Amino acid sequence: MAQEQPAGDGEAAPDPWDGVELDEDFVRAAETSEPSARARMLTARWRAERPEPQPWRADKPPAGWFFSRSRRRRRKG
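Cut-offs applied
- Residues numbered from 1 in each chain as written.
- Predicted model: local features only at pLDDT ≥ 70, side-chain atom pairs only at ≥ 80, totals over all residues.
- Heavy atoms only, no water.
- Helix = DSSP H or I, 4+ residues; strand = E, 2+ residues; numbered from the N terminus.
- Areas by Shrake-Rupley, 256 points an atom, 1.4 Å probe, with all protein chains shown as cover.
- Patch = residues over 30% accessible without salt bridge, like charges linked within 9 Å, V, L, I, M, F, W, Y side chains within 5 Å.
- Salt bridge = Lys/Arg side-chain N within 4 Å of Asp/Glu carboxyl O.
- Buried < 20%, exposed > 50% of the residue type's maximum accessible area, 1.4 Å probe, protein only.
- Polar contact = N/O pair within 3.5 Å; in protein donor to acceptor, adjacent residues only side chain to side chain.

### Description of the overall build of the protein chain
For the protein chain, the helix and strand inventory stands at three helices and zero strands. When the helices and strands of the protein chain are listed from N to C terminus, the series reads α-α-α. In the structure as shown, the protein chain presents an accessible area of about 8,700 Å², 52% of it carried by carbon and sulfur atoms.

Set out below in structure tokens:
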């Protein structure tokens with residue numbers, strides 16, 4: 001808990017947050033404005049050197065996909 005700070009006359013000053021109640025609606029309505037750690041990392045990295053453009057889908061299937069054992073078993077049938 002926060003430490004109470006003494007007032008000028010030696011009494012502890014009341015904490016202004018004592019009467020505040022943060023309900024679930026208030027918390028869920030709050031907007032986030034800070035980017036994620038990954039977004040900050042990529043932004044810093046890309047400032048120095050822009051990334052090469054990448055296609056949305058690769059022209060080739062993932063390595064081992066076409067000649068995988070399970071695929072061969074299904075084809076032999």
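### Notes on a nonpolar patch on the surface
On the surface, Trp17, Val20, Leu22, Phe26 and Val27 cluster together to form a nonpolar patch covering roughly 560 Å² of accessible area. Relative to the helices and strands, Phe26 resides in helix 1 (residues 24–29).

### Concerning the environment of Ser36
Mapped onto the elements of the fold, Ser36 is located in the loop between helix 1 and helix 2 (37–48). A relative accessible area of 44% means that Ser36 is categorised as partly exposed. Looking at Ser36, its side chain comes within polar contact range of the main-chain nitrogen of Ala39, at 3.2 Å.

### Points about the pattern of salt bridges
Following the criterion strictly, the structure yields two salt bridges and no others. We note a salt bridge from Glu34 to Arg40, for which the minimum N-O separation is 3.0 Å.

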